[in-house]
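# Topology and contacts: notes
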Amino acid sequence: MAKSSKTSKVKRIGILTAGGDSPGLNAAIRGVGKTALGFYGMEIIGFRDGFRGLVENNRLPLDRHTLAGILTVGGTILGTSRDKPHRMVIDGKTQDMTETIVKNYDKWGLDCLVCLGGGGTQKNALRLHQAGLNVITLPKTIDNDVAMTDATFGFATAMDIATETIDRLHSTAHSHHRIIVAEIMGHRAGWLALGSGIAGGADVILIPELAYDVEKIAEAIRRRSQHGTNFSIVAVAEGAMSRDDARAMSGAEKKLARAKDIQSKKSAKKEIAELELRHQGNTIRLAKQLEELTHLESRVTILGYVQRGGTPSAADRVLATRLGSAAADLINENHFGVMVAARGDGTTPVPLEKVAGKRKAVPLDHSWVQTARHVGTCMGD
Ligand code: F6P
């Protein structure tokens, strides 16, 4: 629907990007900025390095010139950080900076703060909204794990990059008759490994939502060898775990959820931290185990930050632009305390309370999981 008349009085918007960067952040900043400035006649101020920028009054005024030419640029012109308003390290000390942020919001005469971020940012934005600020968020992350939105921007680009890597690994794995285990980002969700695994034709896809049995994977690889194919590509999400490790982690998490006093909370947190530390070498351990069980040589490729860097894909540019533009529409309507979610071809405002603290994991009956299984992909179970 075409936007109607410019009904609002001039409003001043603050905008920041928080959490890990992801392709499409600049496209979203431009989408908010161009609609706010050009269509509604509002003003917009960027704050640098996430929530810290609002604490330190570190700004980047945004105008036609600063917004020009950024659509295709990776990263974020505003910089980002994982700083949390209520637990920020200032002069070496962890402090609650919420009050300072509220004060600075007023000082700059803001009518709204737009926060571009993933799951953590949704929680932080809700805290600021509860502290009295008008807040709107946009869902970004390559992990695609933000609740209540069809998609997050950054995911499509990262999936393209991971797919291209899997494509390239095929020829070298084939030439050397090797197993190549490719570790794909995604935090505790399997969207990126699953999507790129299907698109790249990985033989095995392992996701955190489905604990794996290494014997089952080895069996699938041996079966391929028996049919004359003595190479395999294993796409493993960074958060994927063996059944034993998943059991230990879920036990520790349950302990934390049940813990009543500080001491038992501390001990459960310590247990989780130890398990996370042990998990770090998991992909390398998995490759070694597969080598032993199948007698095929194995290699590991950790895709890492290339998945987050560089220019956004066309799909992410479109998604980020339409979410950004929709945020300016909502500001014009004085509709705050929401995340602008992607819903089909449109967008919809979702109250932050419904998003914060939730994670969109891959449902085990999701069509992507079924599709992978139906084309003969081993899911490790
Ligand atoms: O959430 C995005 C993400 O790239 C995850 O896929 C990954 O686990 C994490 O960020 C890496 O975080 P950092 O940039 O802090 O190393």
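Note: the structure precedes this text.
First, a word on scope: everything that follows refers to the structure included in this document. Keep in mind it's a predicted model, so treat the numbers as computed, not measured. (Residues numbered from 1 in each chain as written. Predicted model: local features only at pLDDT ≥ 70, side-chain atom pairs only at ≥ 80, totals over all residues. Heavy atoms only, no water.)

## Section: the overall build of the protein
Inclusion rule: Here a helix means four or more residues in a row that DSSP labels H or I, a strand means two or more in a row labelled E, and each is numbered from the N terminus. In this description the radius of gyration comes from C-alpha coordinates, and the expected globular size is given by 2.2 Å times residues to the power 0.38. Three labels apply to residues, based on accessible area from a 1.4 Å probe with only protein chains included: buried if under 20% of the type maximum, exposed if over 50%, partly exposed otherwise in between. Contacts between residues were defined by any pair of non-hydrogen atoms, one from each residue, lying within 4.5 Å. The Shrake-Rupley method, run with a 1.4 Å probe, gives the accessible areas here. Residue values count only the displayed protein chains as cover. Counted as positive: Lys and Arg. Counted as negative: Asp and Glu. His and the chain ends are not counted at all. Where a charge lies is defined by one atom per residue type: Lys uses NZ, Arg uses CZ, Asp uses CG and Glu uses CD.
The secondary structure content of the protein amounts to 14 helices and 13 strands. At 23 Å, the protein has a C-alpha radius of gyration in line with the 21 Å of a compact globule built from 381 residues. Dimensions of the protein along its principal axes, counting C-alpha atoms only, are 70 × 50 × 35 Å. Counting across all 381 residues of the protein, residues that qualify as buried make up 52%. Within the protein, residue pairs in contact and separated by at least 24 positions form 74% of the contacts whose partners lie at least 6 positions apart. Working note: accessible area of the protein is about 17,200 Å², and carbon and sulfur atoms make up 51% of it. Taken together, the 50 basic and 41 acidic charged side chains of the protein have centroids lying 4 Å from each other.

## Things to note about the nonpolar core
Most often, soluble globular proteins keep nonpolar side chains buried together rather than apart. The test is simple: By nonpolar core is meant a set of buried Ala, Val, Leu, Ile, Met, Phe, Trp, Tyr and Cys residues that side-chain atoms within 4.5 Å join together.
Counting residues in each nonpolar core, the largest one holds 48 residues, and the members touching the most others are Leu206, Leu286 and Leu290. For this core, the secondary-structure elements that each account for two or more residues are helix 6 (155-176), strand 8 (179-184), helix 7 (191-200), strand 9 (204-206), helix 8 (214-226), strand 10 (232-237), helix 11 (282-294) and helix 14 (367-374). With seven residues, the single largest contributor to this core is helix 6. In this structure, Ile44, Val114, Ala328 and Ile331 belong to the second largest nonpolar core, which totals 34 residues.

## Observations concerning the pairing of strand 7 (residues 135-139)
Applied cut-off: Here, a strand pair is defined by DSSP locating no fewer than two bridges between the strands. A crossover gets the label right-handed when its path from the first strand over the helix to the second runs clockwise, viewed with the strands pointing away from the viewer.
In terms of residue burial, strand 7 counts as a mostly covered element, since five of its five residues are buried. By the alternation rule, side chains of strand 7 split into Val135, Thr137 and Pro139 and Ile136 and Leu138, which are all buried. Direction of pairing for strand 6 (residues 112-117) relative to strand 7: parallel, over a ladder of five bridges. Across the sheet, Leu116 pairs through a bridge with Leu138, a residue of strand 7. As a crossover connection, the stretch from strand 6 through helix 5 (residues 119-130) into strand 7 is right-handed. By the bridge criterion, two bridges tie strand 7 to strand 12 (residues 338-343) in an arrangement that is parallel. The partner of Ile136 across the bridge, within strand 12, is Val338.

## Focus: the sheet that holds strand 7
By definition, the strands of a sheet pair up through backbone hydrogen bonds, in either a parallel or an antiparallel sense. Counted only if it meets this: Axis definition: a line fit to C-alpha positions, over the contact stretch in the case of helices; interaxial angles, taken between N-to-C directions, run 0 to 180 degrees.
One open sheet holds the seven strands; their spatial order is 3-2-1-6-7-12-13, and the pairing between them is mixed. The strands lining the two open edges of the sheet, one partner per strand, are strand 3 (59-61) and strand 13 (346-351). With direction set aside, neighbouring strand axes in the sheet form an average angle of 25°. Sheet topology places strand 1 (residues 12-17) next to strand 2 (residues 43-47); four bridges connect them, and they run parallel. Within strand 2, the position partnered with Gly14 by the bridge is Ile45. Most of the contacts of helix 1 (residues 25-39) go to strand 1, to which it runs at about 180°, and overall it touches strand 1, strand 2, strand 6 and strand 7.

## Describing the packing of helix 6 against helix 7
The condition that has to hold: Working rule for angles: under 35 degrees goes down as roughly parallel, over 145 as roughly antiparallel, 65 to 115 as roughly perpendicular, anything else as oblique. Crossings are assigned a handedness: left-handed for a near helix turned anticlockwise from the far helix by less than a right angle, right-handed for a clockwise turn. Three classes are used: nonpolar for Ala, Val, Leu, Ile, Met, Phe, Trp, Tyr, Cys and Pro, charged for Asp, Glu, Lys and Arg, and polar for all others, with Gly counted as polar.
In the contact formed by helix 6 and helix 7, the axes pass within 8 Å of each other and the chain directions differ by 50°. As far as their axial angle goes, helix 7 and helix 6 are oblique. The way helix 6 lies across helix 7 gives a crossing that is right-handed. Packed against helix 6, whose contacting residues are Phe155, Ala158, Met159, Ala162, Thr163, Ile166, Asp167 and His170, the element helix 7 presents Trp191, Leu192, Gly195, Ser196, Gly197, Ala199 and Gly200 at the interface. Of the residues belonging to the contact of helix 6 with helix 7, the class tally is eight nonpolar, six polar and one charged.

## Considerations on the sheet that holds strand 11 (residues 298-302)
Spatially, 9-10-8-11 is the arrangement adopted by the four strands of the open sheet, whose pairing is parallel. Looking at strand neighbours, the two that pair on one side only are strand 9 and strand 11, the edges of this open sheet. Each neighbouring strand pair of the sheet contributes to a mean axis angle of 15°, computed without reference to strand direction. Here strand 8 pairs with strand 11 via five bridges, running parallel.

## A few points about the side chain of Lys360
For the record, the criterion: One side-chain nitrogen of Lys or Arg within 4 Å of one carboxyl oxygen of Asp or Glu is enough to make a salt bridge. Pairs of N or O atoms are called polar contacts if they sit within 3.5 Å, as long as, within protein, a hydrogen donor faces a hydrogen acceptor (for residues adjacent in sequence, only side-chain-to-side-chain pairs).
You can see Lys360 is positioned in the loop between helix 13 (352-355) and helix 14. As a buried residue without a salt bridge, Lys360 has its nearest oppositely charged side chain in Asp150, at a separation of 6.5 Å. Within polar-contact distance, the side chain of Lys360 engages the backbone oxygen of Asp150 at 3.1 Å. In contact with Lys360, not counting residues within four places along its chain, are Asn144, Asp145, Val146, Ala147, Thr149, Asp150, Ala151, Ala189 and Trp191.

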